[in-house]
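Working through the structure, step by step
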Amino acid sequence: MDSPLLSPAEWQEAARTRLPLPTYDYFAGGARDEITLRQASAAWDAIGIRYHVLRGVGDRTTATTILGHDVAFPAVIAPMAFQRLAHPDGELATARAAARAGIGMTLSTLATTPMEEVRAAAPDAPLWFQLYVYQDRGATRALVQRAEAAGYSAIVLTVDLPVHGTRERDVRNGFTLPDDVRIGNAVANVDTLPDVHGSSLAKFITDQFEHSLTFDDLAELCDATELPVFVKGVVRGDDASEAIEHGAAGIVVSNHGGRQLDGAISTARALGEVAQAVDRRVPVLVDGGIRRGSHLLRAIALGADAAMIGRPVLWGLTVGGEEGAVRVLHQLRTEFDEALALAGCHAPDELSLDLLD
Ligand SMILES: Cc1cc2nc3c(=O)[nH]c(=O)nc-3n(C[C@H](O)[C@H](O)[C@H](O)COP(=O)(O)O)c2cc1C
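Read on for an overview of the structure. (Residues numbered from 1 in each chain as written. Predicted model: local features only at pLDDT ≥ 70, side-chain atom pairs only at ≥ 80, totals over all residues.)

1. Structural notes on the overall build of the chain
Under the convention used in this document: Think of it this way: any DSSP run of H or I at least four residues long counts as a helix, any run of E at least two long counts as a strand, and we number them from the N terminus. All radius of gyration figures rest on C-alpha atoms, and the globule criterion is 2.2 Å times the number of residues raised to 0.38. Neighbour counting defines burial: a residue surrounded by 20 or more other C-beta atoms within 10 Å of its own C-beta is buried, one with 12 or fewer is exposed, and intermediate counts give partly exposed, using backbone-placed C-beta atoms. C-beta atoms are first placed from the backbone for all residues, and any pair lying within 7 Å is then listed as a contact.
Across its full length, the chain holds 13 helices and 10 strands. For 357 residues, the compact-globule estimate of 2.2 N^0.38 gives 21 Å, and the C-alpha radius of gyration of the chain, at 19 Å, lies within 12% of that figure. Across its three principal axes, the chain shows a C-alpha extent of roughly 60 × 50 × 40 Å. Looking at the 357 residues of the chain, the share that counts as buried comes to 52%. Taking as baseline every contact in the chain between residues at least 6 positions apart, the subset at least 24 positions apart corresponds to 72%.

Written as structure tokens, this is what we have:
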């Protein structure tokens, strides 16, 4: 990390030059024509900010609380699979970076580090466990019980993957895992991706994950665990309401970073409807294309309690391990603080729809 990397695009470019093409494409890419991926940040950019002036913003804070956790700014690291492809320290580095940045982290079902080790690496950070439901329901229950025993404080059930959305870059590159990178929380001893032509991840998902989840499965999960269950992958108000009626303790507005349904609505456009339907009954999070502090500001003003941050963390991790991820998160917090001040606000809870065009 010699020269200072300032913009998100610079971090991404620095990561690109350090990664093998199949790994870079797996991290950066999206489904099919990547339309949803391309639109993600642009949709935040398109919302104008009607900022206030003369509000005496010298004294202000970015801090807030999420699910009872005090955090330094309204963000949590999104669940992202296979982080040891970015850096040998993988999820351990990400968890330590979350702790140092004063925010939480969501660990993927497809993490490359055992969840207990990640918990031990960052004893004080809020850690949530992202769940994909395996066809083997007993194994799925066992994963949830492990997360409870290890001290995770929420389950994030991802519901936008009934089937794998085809990522043509991965098919072209024959994306798979090298021998020294394994699924850290293996179920039924399957700790790597199958050896096939095309995308091994696509084949793994087809073979292993449940394709017929319903709201009743959500209710069953909520009954089976003491932990709050967030539902991740919602882009409609009616689905958010139905999820809450079936026990969801939170909603994550997400289209999986443009990696599932290409053509899916941008989360910047979906968030308002979902927040209105939820009507503060449970926390609402949002992710997808949040790169700048001013994107985060718009997300909170639209009704999110916090945002999940995805790829930028992977770029930081690739370039500088724990230190790189910390720097990316510090930059985002600094930008958010600057945007708050320039919008005439003192704290995240002052952000409301009134600020947006
Ligand atoms: C490389 C990569 C792996 C991902 N793995 C998962 C995963 O295992 N589980 C999940 O729910 N979402 C996964 N996602 C989606 C992210 O949680 C998040 O929704 C998305 O990346 C947010 O968009 P952003 O990257 O534009 O910030 C992954 C995203 C990326 C880029």
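Now that the structure has been shown, we can carry on.
2. A closer look at the site of the ligand
The following threshold applies: Whether a residue is near a molecule or strand depends on its C-beta atom, placed from the backbone, lying within 6 Å of it. Note on residue categories: nonpolar means Ala, Val, Leu, Ile, Met, Phe, Trp, Tyr, Cys or Pro, charged means Asp, Glu, Lys or Arg, and polar means any other residue, Gly included.
Around the ligand, 24 residues are found, and the nearest of them are Ala78, Ser108, Thr158, Gly257 and Gly310. Going through the elements one at a time, α2 (21-28) and β10 (306-309) are the ones with two or more residues in the shell around the ligand. Across the shell around the ligand, the residue classes break down as 11 nonpolar, nine polar and four charged.

3. Re the packing of helix α10 (residues 237-245) against helix α11 (residues 267-278)
Put simply, the rule reads: Lines fitted to C-alpha atoms define the axes, with helix axes restricted to the stretch in contact, and inter-axis angles between N-to-C directions lie between 0 and 180 degrees. Take the far helix as your reference; a near helix turned counterclockwise from it by less than a right angle gives a left-handed crossing, and one turned clockwise gives a right-handed crossing.
Contact geometry of α10 with α11 gives a least axis separation of 8 Å together with a crossing angle of 35°. Here the hand of the crossing between α10 and α11 comes out right-handed. Contacts between α10 and α11 involve Gly237, Asp238, Ala240, Ser241 and Ile244 on the former and, on the latter, Glu273, Val274, Gln276, Ala277 and Val278. When grouped by side-chain class, the residues that make up the contact of α10 with α11 number five nonpolar, three polar and two charged.

4. Things to note about the pairing of strand β6 (residues 155-158)
To keep it simple, the criterion reads: By this definition, two strands are paired if DSSP reports at least two bridges between them. Whether a crossover is right-handed comes down to one check: with the strands pointing away from the viewer, does the path from the first strand over the helix to the second run clockwise; if it does, it is right-handed.
The side-chain alternation of β6 yields two buried faces, one formed by Ile155 and Leu157 and the other by Val156 and Thr158. The sheet contact formed by strand β5 (residues 127-131) and β6 spans three bridges and is parallel. Among the inter-strand pairings, Phe129 is bridged to a residue of β6, identified as Ile155. With respect to chirality, the unit in which β5 leads through helix α6 (residues 137-150) into the neighbouring parallel β6 is right-handed. With four bridges joining them, β6 and strand β7 (residues 229-234) adopt parallel strand pairing. Opposite Ile155, over in β7, you have Val229 as the bridge partner.

5. Topic: unusual backbone geometry
When glycine is set aside, most residues are seen to have a negative phi, and most peptide bonds are trans. Residue Phe82 is not a glycine yet carries a positive backbone phi of 55°. For Phe82, a count of 24 C-beta atoms within 10 Å corresponds to the buried category. The residue Ala188 is not glycine, and still its phi comes out positive at about 50°. By the secondary structure assignment, Ala188 is in the loop between α7 (168-173) and α8 (200-208).

6. Focus on helix α1 (residues 8-18)
In plain terms, the rule: Starting at the helix axis, one direction is taken to each C-beta atom, and the arc is that of these directions.
Every buried residue belonging to α1 is among Pro8, Trp11, Gln12 and Ala15, and all of these are buried. Along the axis of α1, the buried positions cluster into a sector of 100°, meaning they face one direction only. What points out from α1, more than 90 degrees from its buried face, is the exposed set Ala9 and Thr17. Looking at the packing, one finds that the buried side of α1 touches α13 (311-342).

7. A look at helix α4 (residues 90-101)
Applied cut-off: Given the number of residues in a helix, its expected span is that number minus one, multiplied by 1.5 Å.
With 12 residues, α4 extends 17 Å between its outermost C-alpha atoms, agreeing within 8% with the 16 Å of an ideal straight helix rising 1.5 Å per residue. Buried residues dominate α4, accounting for 11 of its 12 residues. When we look at burial in α4, the residues that qualify are Gly90, Glu91, Leu92, Ala93, Thr94, Ala95, Arg96, Ala97, Ala98, Ala99 and Ala101. On its buried face, α4 sits against β3 (75-77), β4 (104-107), α5 (115-121), β5 and α13. Positive backbone phi, approximately 80°, marks Gly102, located one or two places after α4.

8. So, the pairing of β10
On β10, burial covers both faces: Ala306 and Met308 on one face and Ala307 and Ile309 on the other are all buried. Sheet analysis places β3 next to β10, joined by three bridges and oriented parallel. For Val76, the partnering residue across the bridge sits in β10 and is Met308. Bridge count for strand β9 (residues 284-286) against β10 is two bridges, and the pairing is parallel. For Leu285, the partnering residue across the bridge sits in β10 and is Ala306. Crossover handedness for the path β9 to helix α12 (residues 293-301) to β10: right-handed.

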